[in-house]
Amino acid sequence: MMLPVILSATFMAMFDFFVVNVAAPSLEQDLNAGQAALELVVGGYAFTYAGGMVTGGRLGDLFGYRRLFLTGMAAFTVASLLCGLARSPGELVAARLLQGLTGAAMVPQVLALITATFPAGERARAMSWFGVTTGVGSIAGQVLGGLLLEANVLGLGWRVIFLVNVPVGMVALAFALRLLPHHRASRRPRLDPLGALGISAGLALLLVPLILGREEGWPAWTWLSMAVSVPLLAATLAWELRLTRRGGEPLLDLSLFRNRAFAAGLPVSVAFMSFFASFMFVLTLLLQGGLGLSPLEAGLTFMPMGVLFSVTSLLGRSLAARYGLRVMTVGGSITALGILVLIVELQALGGAITPAWLLAPMALVGLGNGLMLPTLIGAVLAGIDPRHGGAAAGVLTTTQQFASAAGVAVLGAVFFGGLGDHPSREDFAAAAEAVAFLALALVLTATALILLLPRPAARRAPAVEPEPSLEAA
């Protein structure tokens, strides 16, 4: 009963990461938001969300996963309300920054609670549901976002995509208060403010230029900022190592990287999430900007992809138990095949491509992603000590979100660079094709890196354990 409650946090955070894509035209018209403001509405959330993940995970280890989940969920609900009530682009940007930060407080506790409270025999199934929720939340941002905007609930327009979080958050809080277990620290916790400042500042110096650089024309400050981030992050890691040797409690527990699965799994996550977020972003732009679909029509085009993702995510646990990490290799290969089909279609049809042609490659991508993502999350966290579940979840989710933001920024720059000033359907198709080649390279890289993961002994899935159903979730 606890699992759907904590997974609601993952769904809400991923939904809000993607839903603003379909609402961008409405924001531009209603709030008179310029391109820079729209970039900050999307990218500002990604920045504070990614930048606060490690700190959020560590605070969960120190003060209890239940306490941080409840606090984060309540604050996320309030921040969503502020987004829905915003009267200017500045107010919306500020509320989105707060929303991302509060999401960083609650989301690491989801994986931490799964790692700390579920028995080893049930943990893989819970991880499968986490993977399902991550992918479905992302796609629901496109599908449900389009439905909500089309329905124009109570005449709220774009505001409804944020205000819908308020009743959901209140219900989740009520159940969480009743169902989440208490965790009490055995000693008085100590914080690492210098580590938190260094990691947050280093990520900011990297993410902000990636988010705003394309729109600003990549001025000198963007390159300087990214250059400065490298020594700052290196100095922060040196401080964390020194603090560890002195017997302190560093924000970033470097001992996590002694776990081979954790250390080898992070590069796979970087390559895969860079592809996943940017692929969704570019497909949305192609469908709405290039093919002229409404937000609802574009969202419905994503539905087969989402359904297949959900189905294969649920099957992935039992398949991984029987065949091991080969399931991820097969999943990556199917995803690569889907992208290759998309490339062939774009080359053959160009501007004549229609949404119907996109359904088959998108379905293959959803099929492969469902086999890849949940199994990857479980493999990365397989050997982590439950006492360090929050820290490990924070590092993993930070890596995923940073990779997502970087992928959208870099591949988005390639896409927009190929459009020109007055793009036609042919220009949109050519730009999408260029991005598809890069996405294919990322997927193949992730699939190859799976070979570095330690391979557990394959075993048969228990015959007496029923598969989870969608109703049970």
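Residues numbered from 1 in each chain as written. Predicted model: local features only at pLDDT ≥ 70, side-chain atom pairs only at ≥ 80, totals over all residues. Heavy atoms only, no water.

Draft legend 1. Examining the overall build of the protein chain more closely. Of regular secondary structure, the protein chain possesses 17 helices and zero strands. Taken against the 2.2 N^0.38 rule, which gives 23 Å for 473 residues, the C-alpha radius of gyration of the protein chain at 21 Å falls within 12% of a compact globule. Dimensions of the protein chain, computed from C-alpha atoms along their principal axes, come out at roughly 60 × 50 × 45 Å. The 473 residues of the protein chain split such that 56% are buried. For the protein chain, the proportion of contacts with a sequence separation of at least 24, taken over those separated by at least 6, is 84%. Element-wise, carbon and sulfur atoms account for 68% of the exposed surface of the protein chain, whose accessible area totals about 19100 Å². For the protein chain, the separation between the mean place of its 27 positive charges and that of its 24 negative charges on side chains is 18 Å. (Helix = DSSP H or I, 4+ residues; strand = E, 2+ residues; numbered from the N terminus. Rg over C-alpha atoms; globule rule 2.2 N^0.38 Å. Buried < 20%, exposed > 50% of the residue type's maximum accessible area, 1.4 Å probe, protein only. Contact = heavy atoms within 4.5 Å. Areas by Shrake-Rupley, 256 points an atom, 1.4 Å probe, with all protein chains shown as cover. Lys, Arg positive; Asp, Glu negative; His and termini not counted. Charge placed at Lys NZ, Arg CZ, Asp CG, Glu CD.)

Draft legend 2. Expanded view of the pattern of salt bridges. If you walk through the whole model with that rule in mind, you get one salt bridge. Here Arg87 makes a salt bridge to Glu91, at a shortest N to O gap of 3.4 Å. Under the relative-accessibility criterion, Arg87 is labelled exposed at 67%. Owing to a relative accessible area of 34%, Glu91 belongs among the partly exposed residues under this scheme. (Salt bridge = Lys/Arg side-chain N within 4 Å of Asp/Glu carboxyl O.)

Draft legend 3. Geometry of a nonpolar patch on the surface. On the surface, a nonpolar cluster with roughly 570 Å² of combined accessible area is contributed by Leu300, Met303, Val307, Val311, Leu315, Leu319 and Tyr323. Counting residues per element, the nonpolar patch draws most heavily on helix 13 (residues 303-323), at six residues. (Patch = residues over 30% accessible without salt bridge, like charges linked within 9 Å, V, L, I, M, F, W, Y side chains within 5 Å.)

Draft legend 4. Expanded view of the side chain of Glu345. Take Glu345: it is sitting in helix 14 (residues 326-349). Buried within the structure, Glu345 lacks any salt-bridge partner; Arg425 is the closest side chain of opposite charge, at an N-O distance of 12 Å. If sequence neighbours within four positions are ignored, Glu345 has contacts with Gly350, Ile353, Trp357, Leu358 and Pro361.

Draft legend 5. Quick look at helix 1 (residues 2-30). The first and last C-alpha atoms of helix 1 sit 40 Å apart over 29 residues, in line with the 42 Å expected at 1.5 Å per residue. Where helix 1 bends most, at Ala23, the angle is about 60 degrees, and the proline Pro25 comes one to four residues later. Taking burial as the measure, the 29 residues of helix 1 include 21 buried ones, the bulk of the element. Looking one or two residues past helix 1, Asn32 carries a phi angle of roughly 55 degrees, positive in sign. (Expected span 1.5 Å × (residues − 1). Bend = angle between axes of the 7 residues up to and from the residue.)

Draft legend 6. Structural context of helix 6 (residues 120-151). For helix 6, spanning 32 residues, the distance from its first C-alpha to its last is 44 Å, which sits close to the expected 46 Å at 1.5 Å a residue. Along its length, helix 6 shows its largest kink, about 40 degrees, at Ala140. Just beyond helix 6, the residue with positive phi is Asn152, at close to 50 degrees.

Draft legend 7. Structural view of the nonpolar core. If you look at the biggest cluster of nonpolar residues, it comprises 117 residues, and the most contacted ones within it are Ile6, Ile114, Phe262, Phe275, Phe302, Ile339 and Leu381. When residues in this core are grouped by element, the largest group, 17 residues, is from helix 11 (residues 260-290). When residues no more than four places from it in sequence are discounted, the contact partners of Ile6 are Phe69, Val110, Leu113, Ile114 and Leu180. Within the second largest apolar cluster, 23 residues are counted, among which are Ala37, Val41, Ala86 and Ala95. (Core = buried A, V, L, I, M, F, W, Y, C linked by side-chain atoms within 4.5 Å.)

That's the geometry; what it means functionally is another story.
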